[in-house]
Each structure stands twice: as C-alpha cells, then as structure tokens.
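# Examining the three-dimensional arrangement
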Amino acid sequence: MDSSIISIGISNPGKPIPQREISRFMQIAHQLDELESRKLQFFYRVSGIDSRYSVLEDFEKENPVDFSFFPKNKALHPFPGTKARMEIFQKEAPKLAFEASLSALDQAKAEPGQVTHLILVSCTGMVAPGVELDLIEKLSLCNSVERYCIHFMGCYAAFTGLKLADKILKAEPNAKVLVVAVELCTLHFQKEYTEDNLLANSLFGDGAAAALVMKSDKGLSIKNYLSQVIREGEKDMAWGIGDFGFEMRLSQYIPALLDQGIRNLATVFEEVFRVSKIKNFAIHPGGKQILQKVQEAFGWAPEVNFHALDVLKNFGNMSSVSILFVLEKMLRDTSLEGEILAMGFGPGLTLETLHLEKR
C-alpha cells in the first residue's frame, strides 16, 4: 500500500468578510484620495475573490472607533508591532488547528491516540512552546508523539509536510501522521501603500487544514514528487520579519516568471509524471493570474482550475493551507478519480509538485 491522504479537515475563523468590505478598510488604512480609492476598488473587484476570513474583526468595520486590534484612528497610529501580532497568533492559531485536526480524525474514524507523528506547518507565526504542543493537549494525543515544525517556507510548505509524512511512512509503515497547516496571514497587514503591500493585502486570508496520512488503499495515494527552484524569481517572492509583522515581497512579475519556468521544465514534468496523461490538477490558488498562467503554460483547458478557483473565490490565498483546501474539495468530489498533479509555489521562487492518485 502507498502512503495516502485519507482525510482532510478544514477550518476558518469567524464569518466570511466580503472583499468589498476589506477594500473599504484598505481605503481608510492607506488614507487614499477619491481617485486612488476607485483604482483600489477596481483592483479588488477583479481579484477573483469574493470573501476571505480573518482572526481580526477590524477588516469589516466601517469606523476606526470600532477597531479592536488596530488603533482607533484613520492613520492606525501607533501601528501594532510584531509582538502584538504574535500574541494573537499564539491565542488563535491553536483553535483553528484543533478544529481542522479533529475534523480530519473524525472523518477517518481514527482515535487521537493512534497518531504517531505530528507535523505543524506555518509561515505566519512562530512561538515556543508551539502550536503543536497545544494540539497534543487539546486532541489528547500521546505525549510520546513525534513532532516536527515546518516554518517560514511560504505557500508551498504543505507539500514539504506531506513529503515528510511519506518519508516517515516509508521508514515506519504502521505510523499515522497528522499534517497540520495553520496560517493567520491577515495579522501581517502592512499600511504602507506599495505595490507589494497592495498585492498581499488584496489576496491573503486566514485558515487551517489537517491531513491524516497513513498506509492505505483509499484516499489520495502519494505516488511521486518533485521540487524545482526558479532562480530568476528569487527576489520576487520573499518573507522577512519586520518591526510591524512579517513583511512580504510579492512582485507583479510572479505569474510571468512561473509561466516561463514551467515552460522550461515541460520535458522534466513529462519524464517524471507523464503529465500529458493526467487529467486532474490541483494548483495552489495564489491568485487568479497565477492559476491562468499555469493553465496556459501546460496548454490545459480552463476547467482544470475549477476547484482552485472556488477556493480562491471563497477564501482568498491562505498560504500553505490553500492547497489542502483544494485537495479536500477533490477528495469529496465523487465525479473525480484517477491521477492528480498538485502544484504549489513559494519563496525562492520554489515550485513544488506532488503526484497523487485518487482511489
């Protein structure tokens, strides 16, 4: 039997916040004039996102006096520092991770005590003792469970978590590995009106997902994987820890770089995955243009992005969590069967691929 993803649980904080309401908050926060406000509203309308989730309630408030995290003034002064943001992460991330994990275990009818390995994935918060220790307590996992943390790898990190789970299972076939990704991207909102911040502020949302991976003849079996670095994009997607949260560099050139990189790797993909024979694809919904460029680079029909576009529309880009949301939809889609090629992107510019088969 192959290592298989047999269940995926998902969770989000609060209720969905319409993109138009987030746009209104951004106009206040950036202190935009009428012309720039209209430009921003248009940018948000064509983003392919209808709603996102956040652990912060401020993004849906019309009046700064109602803010609970940001200062109660239009200038957002004094702007919250990294410490204040990490305190929210430490409080809220374990709750979302627990909800997603409990759902994954319930779906698989697995007892928490059966979990032998716990892999935590996040690039939006770090604390020690960490979220994984909170999960051990909340889920009543065995104190002897082996735990691993994958931090700061960005949107492709869930691929790394799933690959690690597969390697563990190859060494210990009786293991049951819980891979948990939790991202609170909206904690890192930046008010400076730059191109990088405009893109990031328009895309990212909060959520968590957990995948139970074990040897099984059901679910999504892990067949193969491949990692590639597109060096030309090294400076176009990056994270850094600043005084006011984690700062992201997110260039408008990323879709074009991915398009070029994928076209250059076409022969490699065919040799490794026989991609021309695969009909199902799970692409990280990093943005509408990214999905379109990947689809065009491979010459696929637009329909291949059906599940990814749905996740983008309703949740935005939740960094490492997003691909697990896409795979969760594909796992539940009774009309879908056979091979799946999953693909994600992150700082580096790193391209991760995972070859799966739904059975």
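For the structure, check the block above.
Reference entry: report on the structure contained in this document. Small disclaimer: the values here were computed from a predicted structure and weren't measured. (Residues numbered from 1 in each chain as written. Predicted model: local features only at pLDDT ≥ 70, side-chain atom pairs only at ≥ 80, totals over all residues. Heavy atoms only, no water.)

### Details of the packing of aromatic side chains
One pass over the full model with this rule turns up 19 aromatic pairs. Measuring from ring centre to ring centre gives 6.0 Å for Phe59 and Phe70, while their planes differ by 75°; the resulting arrangement is edge-to-face. Taken as a pair, Phe59 in the loop between strand S3 (51-52) and helix H3 (82-107) and Phe70 in the loop between S3 and H3 lie far apart in primary sequence, 11 residues in all. On the accessibility criterion, Phe59 (4% relative accessible area) is buried. Consider the rings of Phe152 and Phe246, whose centres lie 5.5 Å apart with planes at 80°: the pair is edge-to-face. Of this pair, Phe152 sits in the loop between strand S5 (146-151) and helix H5 (157-171) while Phe246 sits in strand S10 (residues 245-250), and the two are 94 residues apart along the sequence. Exposure remark for Phe152: the relative accessible area of 25% places this residue in the partly exposed category. (Phe/Tyr/Trp six-rings, centres within 6.5 Å; stacked < 30°, edge-to-face > 60°. Helix = DSSP H or I, 4+ residues; strand = E, 2+ residues; numbered from the N terminus. Buried < 20%, exposed > 50% of the residue type's maximum accessible area, 1.4 Å probe, protein only.)

### Concerning the sheet that holds strand S8 (residues 220-229)
One key point about sheets: their strands pair by backbone hydrogen bonds, in either a parallel or an antiparallel sense. The strand order across the open sheet built from nine strands is S5-S4-S6-S7-S1-S8-S13-S12-S11, with neighbouring strands paired in mixed fashion. The sheet is open, and its two edges are formed by S5 and strand S11 (280-283), each paired on a single side. Sheet twist, expressed as the average angle between the axes of neighbouring strands with direction ignored, equals 25°. Looking at chain direction, strand S4 (residues 117-122) and S5 are connected through six bridges and run parallel. Of the residues in S5, the one forming a bridge with Val121 is Ile150. (Pairing = 2+ DSSP bridges. Axes fitted to C-alpha atoms, helices over the stretch in contact; angles between N-to-C directions.)

### Here's the deal with the side chain of His284
By the element assignment, His284 lies in the loop between S11 and helix H9 (288-298). Residue class for His284 comes out buried when judged on its relative accessible area of 2%. Ignoring any residue separated from it by four or fewer positions in sequence, one finds His284 in contact with Cys155, Ile290, Leu291, Asn317, Ser319, Ser322, Ile323, Met343, Gly344 and Phe345. (Contact = heavy atoms within 4.5 Å.)

### Examining the environment of Leu40
Structurally, Leu40 is set in helix H2 (residues 34-45). Taking the relative accessible area as the measure of exposure, Leu40 reaches 1% and is therefore buried. Each C-alpha atom, one on Leu40 and one on Arg24, is 9.2 Å from the other, the two residues being 16 residues apart in sequence. Other than its neighbours up to four places away in sequence, Leu40 contacts Ser23, Met26, Gln27, His30, Leu32, Tyr193 and Leu198.

### Some words on the packing of H3 against helix H4 (residues 131-139)
Axis separation between H3 and H4 bottoms out at 9 Å; the angle between their running directions is 50°. The angle between the axes of H3 and H4 places the two elements in the oblique class. Like other packed secondary-structure pairs, H3 and H4 cross with a definite hand, here right-handed. Seen from H3, the contacting residues are Phe89, Ala93, Pro94, Ala97, Phe98, Ser101, Leu102 and Leu105; seen from H4, they are Val131, Asp134, Leu135, Lys138 and Leu139. Within the contact of H3 with H4, the residues separate by chemical class into 10 nonpolar, one polar and two charged. (Parallel < 35°, antiparallel > 145°, perpendicular 65-115°, else oblique. Left-handed = near helix turned anticlockwise from the far one by under 90°. Nonpolar A, V, L, I, M, F, W, Y, C, P; charged D, E, K, R; others polar.)

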